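Read off the chains here:
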Amino acid sequence: MSELDGINQHLEELRKRLLRIVLIIGIITVFILTFHAEPIEVAGITMYYPLPEPLNNIAAQITNHMKNNLVPEDVQLIQTAPGQAFFAQVYIAALVGIVVGMPVIVKELVGFIKPALKENEIHVSRNITLPALGLFIAGCVFSYNLVIPYILDFLYRYGESAGLVTFLNVIEFVTFVLQFLLAFGFSFQLPLVMYAISVSGMVDSDFWRKNIRYAIVIIVIFGAVITPDGSGVTMWFIAGPMIALYVIGMAVIERKERKKLNT
């Protein structure tokens, strides 16, 4: 087999795996845009079942929940052009599709790079799938409940102090929220990435402690870039948790290495 044939085979495999990822995200996205989550009481527990209802779909329900829980009082959420509410719901449905489809995404990506991995690296990649999903959801929940409400209220107070009435465009609002959800979802992967790199043998536990100063500088810069204001206050809502996650990851790696040496 020539080198060109080998490259073509890899590209074809990549195309098939990407197609599966796009397909699963697309199916979930369409479902979120087509069905409504109808509540039902079962033994005193509220559960939900899907009903076909494109106008009042699950994405619209999520948008209403975001509006009620994140938008400060006296701030109006509006659309300034036809279709903005629809596209906002598409963004939300796509994010839900990515989160729900994460196990498939990780499985396909690991399957593609598997031939280039060593045995211990394959074992590590299999073991981090569920923790990666859990950490991504934890980052989104942390951002949704603690960070986004504070940042929106903090920025709203700027306008209020100047006597301004604030209107939030639904597209800008949803984009703002999704930006932070994704940022925290991926940033919460930091200890898992550190663990995977160390277990695969690319670096030892001392690497993370020796380079902690550089890591803190990079994290602070990342926090400053992703936050929308220049106050320096909201920046720490991102940088602070990431620094804590770095320290946790470093401690877990060192503990595992000490345990391995003692056995």
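The structure presented is a predicted model; accordingly, all values stated were derived computationally and were not measured. (Residues numbered from 1 in each chain as written. Predicted model: local features only at pLDDT ≥ 70, side-chain atom pairs only at ≥ 80, totals over all residues. Heavy atoms only, no water.)

Caption draft 1: Fine view of the UniProt feature "transmembrane region" (unreviewed entry) in the protein. Mapped onto this numbering, the UniProt entry gives "transmembrane region" (unreviewed entry) at residues 18–37, 86–106, 127–152, 164–190, 211–227 and 233–253. Within residues 86–106, the helical portion is 95% and the strand portion 0%, while the C-alpha atoms at the span's ends are 29 Å from each other. Secondary structure content for residues 164–190 is 70% helix and 11% strand, while the C-alpha to C-alpha distance between its ends is 40 Å. (UniProt positions renumbered as here; feature names shortened; annotations may be inferred. Helix = DSSP H or I, 4+ residues; strand = E, 2+ residues; numbered from the N terminus.)

Caption draft 2: How the structure looks around the pattern of salt bridges. Counted according to the given criterion, the structure contains four salt bridges. Here Glu12 and Arg15 are joined by a salt bridge, their closest N and O atoms 2.8 Å apart. Of this pair, Glu12 and Arg15 both sit in helix α1 (residues 3–34), three residues apart, which is roughly one turn of that helix. Assessed through its relative accessible area of 45%, Arg15 is described here as partly exposed. The salt bridge partner of Arg209 is Glu254, with a shortest N-O separation of 2.8 Å. Of this pair, Arg209 sits in helix α9 (residues 205–210) while Glu254 sits in helix α11 (residues 235–262); the two residues are 45 residues apart in sequence, bridging distant segments of the chain. Relative accessible area serves as the criterion here: at 48%, Arg209 is assigned to the partly exposed category. (Salt bridge = Lys/Arg side-chain N within 4 Å of Asp/Glu carboxyl O. Buried < 20%, exposed > 50% of the residue type's maximum accessible area, 1.4 Å probe, protein only.)

Caption draft 3: Main features of helix α6 (residues 129–161). Its 33 residues place the ends of α6 47 Å apart at the C-alpha level, agreeing with the 48 Å of an ideal helix rising 1.5 Å per residue. The principal kink in α6, of about 45 degrees, is found at Ser143. One or two residues past the end of α6 sits Gly163, with phi positive at roughly 75 degrees. (Expected span 1.5 Å × (residues − 1). Bend = angle between axes of the 7 residues up to and from the residue.)

Caption draft 4: Local environment of helix α8 (residues 190–199). Every buried residue belonging to α8 is among Pro191, Leu192, Met194, Ala196 and Ser198, and all of these are buried. Taken from the residues just after α8, Gly201 is the one with a positive phi, measuring 90 degrees.

Caption draft 5: Structural view of the packing of aromatic side chains. Summed over all chains, the structure comprises nine aromatic pairs. Between the aromatic rings of Phe136 and Phe186, the centroid separation amounts to 5.3 Å while the plane-to-plane angle is 75 degrees, which identifies the pairing as edge-to-face. Note that Phe136 is positioned in helix α6 and Phe186 in helix α7 (residues 170–187), a separation of 50 residues in sequence. Among the aromatic residues, those joined into a cluster by ring pairs are Phe142, Phe184 and Phe188. Its guanidinium or amino end placed over the ring of Tyr214, Arg213 lies 5.9 Å from that ring's centre, counting from NZ or CZ. (Phe/Tyr/Trp six-rings, centres within 6.5 Å; stacked < 30°, edge-to-face > 60°. Lys NZ or Arg CZ within 6 Å of the ring centre and 35° of its normal.)

Caption draft 6: Structural view of the pairing of strand β1 (residues 35–42). Here β1 pairs with strand β2 (residues 45–52) via eight bridges, running antiparallel. Within β2, the position partnered with Ala37 by the bridge is Pro50. Between β1 and β2, which pair antiparallel one after the other, the connecting turn spans two residues, and Ala43 there sits at a positive phi close to 55 degrees. (Pairing = 2+ DSSP bridges.)

Caption draft 7: Fine view of the packing of helix α3 (residues 84–100) against α7. As a packed pair, α3 and α7 sit with axes 9 Å apart at the nearest point and diverge in direction by 15 degrees. With respect to each other, α3 and α7 are oriented roughly parallel. Judged by the sense of rotation from one axis to the other, the crossing of α3 with α7 is left-handed. Along its contact with α3, which presents Gln84, Ala85, Phe87, Ala88, Tyr91, Ile92 and Leu95, the element α7 presents Val170, Ile171, Val174, Thr175, Leu178, Leu181 and Leu182. (Axes fitted to C-alpha atoms, helices over the stretch in contact; angles between N-to-C directions. Parallel < 35°, antiparallel > 145°, perpendicular 65-115°, else oblique. Left-handed = near helix turned anticlockwise from the far one by under 90°. Contact = heavy atoms within 4.5 Å.)

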